[in-house]
Amino acid sequence: MNIIEVEHLTKTYGTARGIKDISFHVDEGEIFGFIGPNGAGKSTTIRILMSFIYPMGGSAKYLGKTALNTVRR
């Protein structure tokens, strides 16, 4: 079972950098390191998973449930 599923997630802030078409999954029992340079989109991705902000496209699920705000059109 996938604990976290992120598929084609995208978020932009006008002309500023956000995240563009990222996909990954974390399986049950797996240790997952979410690392990258400043501005890579780590916090943005976590905020989408926690339903704090809306993505521009894609989907995010945790424990089989869709994040409350994914794919707002």
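Keep in mind that what you see is a predicted model, and the values were worked out from it rather than measured.

Trainee: Before we move on, can you summarise the sheet that holds strand β1 (residues 2-13) with the specific residues and values?
Mentor: Sheet architecture is open: 4 strands sit in the order β2-β1-β3-β4, paired in antiparallel fashion. The open sheet has two edge strands with one neighbour each: β2 (16-27) and β4 (65-66). Two elements, strand β3 (residues 57-62) and β4, share 2 bridges in a ladder whose sense is antiparallel. Opposite Y62, over in β4, you have K65 as the bridge partner. Set on the sheet, helix α1 (residues 42-49) makes contact with β1, β2 and β3; between it and β1 the angle comes to about 115°.

Trainee: Could you give me a rundown of α1, with the residues and numbers involved?
Mentor: All of the buried residues in α1 are T44, T45, I48 and L49. Seen end-on, α1 carries its buried residues on one side only, within an arc spanning 135°. As for α1, its buried residues are in contact with β1, β2 and β3.

Trainee: Any chance you could break down the nonpolar core for me, citing the residues and the numbers?
Mentor: Ranked by size, the top nonpolar core spans 10 residues in total: V6, L9, I19, F24, V26, I48, L49, I53, A60 and A67. Put simply, the parts of the chain that give this core at least two residues each are β1, β2 and α1. With 3 residues, the single largest contributor to this core is β2.

Trainee: Quick rundown of unusual backbone geometry? Include the residues and the values.
Mentor: The backbone phi angle of D21 is positive, close to 50°, even though this residue is not glycine. Here D21 lies in strand β2. The exposure class assigned to D21 is partly exposed, which follows from its relative accessible area of 44%. Although it is not a glycine, S51 adopts a positive phi angle of roughly 65°. Locating S51 in the fold gives a position in the loop between α1 and β3.

Trainee: How would you sum up the packing of aromatic side chains? Please name residues and give values.
Mentor: The final tally for this structure, using the stated rule, is 3 aromatic pairs. Ring centres of F24 and F34 lie 5.6 Å apart, and the angle between their planes is 40°; this geometry places the pair in the tilted category. Residue F24 is found in strand β2, and its partner F34 is found in the loop between β2 and α1; the two are separated by 10 residues along the sequence.

Rules used in this analysis
- Residues numbered from 1 in each chain as written.
- Predicted model: local features only at pLDDT ≥ 70, side-chain atom pairs only at ≥ 80, totals over all residues.
- Heavy atoms only, no water.
- Pairing = 2+ DSSP bridges.
- Helix = DSSP H or I, 4+ residues; strand = E, 2+ residues; numbered from the N terminus.
- Contact = heavy atoms within 4.5 Å.
- Axes fitted to C-alpha atoms, helices over the stretch in contact; angles between N-to-C directions.
- Buried < 20%, exposed > 50% of the residue type's maximum accessible area, 1.4 Å probe, protein only.
- Arc of directions from axis to C-beta.
- Core = buried A, V, L, I, M, F, W, Y, C linked by side-chain atoms within 4.5 Å.
- Phe/Tyr/Trp six-rings, centres within 6.5 Å; stacked < 30°, edge-to-face > 60°.

Just distances and angles here, no functional claims.
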